Amino acid sequence: MNITNYIVEFLKQGKSVEIKGIGTFVPKTIPTRFDNETNTYYPSIKTVEFTTLFKGNVQIIDYIAKQEFVGITTAEKLWENYVVALTEKMKTTSKHEFPGLGELMLDQVSGYSFKLYDKVNFSKETKHLLPLTNIST
């Protein structure tokens, strides 16, 4: 069981993940756009933003329960243990990697932040992820 991987999988499904005391990962779609000045088409991208706001979303617990084939009470305890361990890790190392997604960081002055890896795109269709240049209209 690797809850960090479950978080990444859950985000890929378009669902938010709140980590109590740390922050919330929110999936976001950047819409398709066309830049007239450069004649470049930019396809839509499904990505993730990080915020320190909380709404009380605990859907990840249901996901953990399903993935681990355990009851909600056990999943809640697994999640609680994960949050405690992550919080402690952040205090000592100031970093935690979410594979294929980015890195959570802790600065003692500014608090938690998240650096998304370059070119992260959770879009299912991967043929046209790069901008298309020299488009004629």
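Summary of the structure given here.

Cut-off values and rules
Residues numbered from 1 in each chain as written. Predicted model: local features only at pLDDT ≥ 70, side-chain atom pairs only at ≥ 80, totals over all residues. Heavy atoms only, no water. Axes fitted to C-alpha atoms, helices over the stretch in contact; angles between N-to-C directions. Helix = DSSP H or I, 4+ residues; strand = E, 2+ residues; numbered from the N terminus. Parallel < 35°, antiparallel > 145°, perpendicular 65-115°, else oblique. Contact = heavy atoms within 4.5 Å. Nonpolar A, V, L, I, M, F, W, Y, C, P; charged D, E, K, R; others polar. Buried < 20%, exposed > 50% of the residue type's maximum accessible area, 1.4 Å probe, protein only. Pairing = 2+ DSSP bridges. Phe/Tyr/Trp six-rings, centres within 6.5 Å; stacked < 30°, edge-to-face > 60°. Lys NZ or Arg CZ within 6 Å of the ring centre and 35° of its normal.

1. Focus on the packing of helix H1 (residues 3-12) against helix H3 (residues 72-93)
Packing of H1 against H3 brings their axes to within 11 Å, and their N-to-C directions diverge by 105 degrees. The orientation of H1 with respect to H3, classified from their angle, is roughly perpendicular. Note on element contacts: H3 touches H1 through Leu78, Trp79 and Tyr82, opposite Ile3, Thr4 and Ile7. Here the residues of the contact of H1 with H3 sort into 5 nonpolar, 1 polar and no charged.

2. Let's talk about helix H2 (residues 59-68)
Count 3.6 residues to each turn of an α-helix, and residues three or four apart come out pointing the same way. Within the span of H2, buried status applies to Ile60, Ile61, Tyr63, Ile64 and Ala65. Where H2 is buried, its residues contact H1, strand S1 (17-19) and H3. Within two residues after H2, phenylalanine 69 carries a phi angle of roughly 55 degrees, on the positive side.

3. Some words on the sheet that holds strand S2 (residues 23-30)
Strand order across the open sheet formed by 3 strands is S1-S2-S5, with antiparallel pairing between neighbours. If you trace the sheet from one side to the other, it starts and ends with S1 and strand S5 (45-51), each paired once. Taking each pair of neighbouring strands and ignoring which way they run, the sheet shows an average axis angle of 25 degrees. As paired elements, S2 and S5 share 7 bridges and run antiparallel to each other.

4. Here we look at the packing of aromatic side chains
In total, this model carries 8 aromatic pairs according to the counting rule given. On the basis of an interplanar angle of 25 degrees and a centroid distance of 5.6 Å, the ring pair of tryptophan 79 and tyrosine 82 is categorised as stacked. Taken together, the residues span about one helical turn, with tryptophan 79 and tyrosine 82 both in helix H3 at a distance of 3 residues. For the residue pair tryptophan 79 and tyrosine 82, the accessibility class agrees, reading buried in each case. Through pairs of rings, three or more aromatic residues link up here, namely Phe25, Phe50, Phe98 and Phe114. Positioned over the ring face of tyrosine 42 is arginine 33, at 4.1 Å from the centre of the ring.

5. A look at the environment of serine 94
Relative to the assigned elements, serine 94 resides in the loop between H3 and strand S6 (95-98). Sequence separation of serine 94 and glutamine 108 is 14 residues, and the distance between their C-alpha atoms is 8.8 Å. For serine 94, the residues in contact, after removing those within four places along its chain, are Lys89, Leu104, Met105 and Leu106.

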